Amino acid sequence: MRKTIIAGNWKMNLTAVEAKNLARSIADYVGKRSDPLVILCPPSPLLSIVGNEIAASNVELSAQNVHSDDLGAFTGESSDTMLHSVGCAYTLIGHSERRAIFNEDDDFINKKVKRVVAGPLKPILCIGETLEEREQGKTNDRIKQQLRDDLKNVRISSGEDLIIAYEPVWAIGTGKTATPDQAEEVHAYIRQLLEEIFTENTANAMSILYGGSVKPENAVEILAQPNIDGALVGGASLTMDSFTGIINSV
Ligand code: PEP
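This one's a predicted model, so the numbers in the text were calculated from it and none came from an experiment.

Thresholds applied
Residues numbered from 1 in each chain as written. Predicted model: local features only at pLDDT ≥ 70, side-chain atom pairs only at ≥ 80, totals over all residues. Heavy atoms only, no water. Helix = DSSP H or I, 4+ residues; strand = E, 2+ residues; numbered from the N terminus. Rg over C-alpha atoms; globule rule 2.2 N^0.38 Å. Buried < 20%, exposed > 50% of the residue type's maximum accessible area, 1.4 Å probe, protein only. Contact = heavy atoms within 4.5 Å. Areas by Shrake-Rupley, 256 points an atom, 1.4 Å probe, with all protein chains shown as cover. Near = heavy atom within 4 Å. Polar contact = N/O pair within 3.5 Å; in protein donor to acceptor, adjacent residues only side chain to side chain.

A. View of the overall build of the protein. When helices and strands are tallied, the protein shows 11 helices and eight strands. Whereas a compact globule of 250 residues would reach a radius of gyration of roughly 18 Å, the protein reaches 17 Å, a difference of no more than 12%. C-alpha atoms of the protein, sized along the principal axes, occupy 45 × 45 × 35 Å. Counting the 250 residues in the protein, one finds 52% classified as buried. For the protein, long-range pairs separated by at least 24 residues make up 72% of all intrachain contacts whose partners lie at least 6 apart in sequence. Of the roughly 11100 Å² that the protein leaves accessible, carbon and sulfur atoms contribute 49%.

B. Highlighting unusual backbone geometry. The omega torsion across Asp-35 and Pro-36 is 5 degrees, close enough to zero to call that bond cis. By the element assignment, Pro-36 lies in the loop between α1 (16-30) and β2 (37-41). A positive phi angle, near 80 degrees, is found at Leu-14, a position not held by glycine. Here Leu-14 is to be found in the loop between β1 (5-9) and α1. A relative accessible area of 28% places Leu-14 in the partly exposed class.

C. A look at the site of the ligand. The full set close to the ligand counts 14 residues, and Lys-11, Glu-167, Gly-173, Ser-213 and Gly-234 are the nearest of them. Between Glu-167 and the ligand, the recorded distance is 2.6 Å, taken from a side-chain N or O atom to an oxygen atom. A distance of 2.6 Å is found between an oxygen atom of the ligand and a backbone nitrogen or oxygen belonging to Gly-173.

What is shown is where atoms sit, not what they do.
Spelled out as structure tokens, the structure:
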């Protein structure tokens, strides 16, 4: 049985006070509920504050980014060891904004995934095609290339050690959502590729999240698809009403 996950990526939003209040409200709302698993991904300066607020609940903490080394001269970066020490259980890797704005390539992302799967955090690996790639009919090629490169020589013992987030770049923060059929088609393809990269059992146990302008109005239909195991939510995770609306759509 795959875990259903609703993760809120706050990106570079909220002050310490706003984050504390939102985290407390979400923790109170979720309490000891474990289905879906709710994960919050605040900006790194706010991780401890959010971690304290959710500590007594089943809400989990995730970083938005991680470095591929453990320590050293990497100004502005954080390692998996550090992130774990402030309460993180997960980290996003390869979000399209990291790839596009900060020029992270598949080789660097692969190094991060390899390090993180061997340590205390679970990676949420983000992949997805651009609008140009979709319009040129290259969606599957891009997904295959990203999965093969980002997961090269990655060793996991079960499908629960890794989470995939399929986020078509053209649907992130644009208000454009993939139709449930479009999303399901890619998710089924991703699962088939995961089966080739790992094993059938591993692929069947791995949660594949959809991300891209998910909101309460479209969540029910998206989350009802057989290969969609949850959502990675950006903008709609910043307010209680919209985020809980999505949690309740599972
Ligand atoms: C995201 O940041 O991962 C995301 C999917 O953003 P949004 O929901 O705002 O499109």
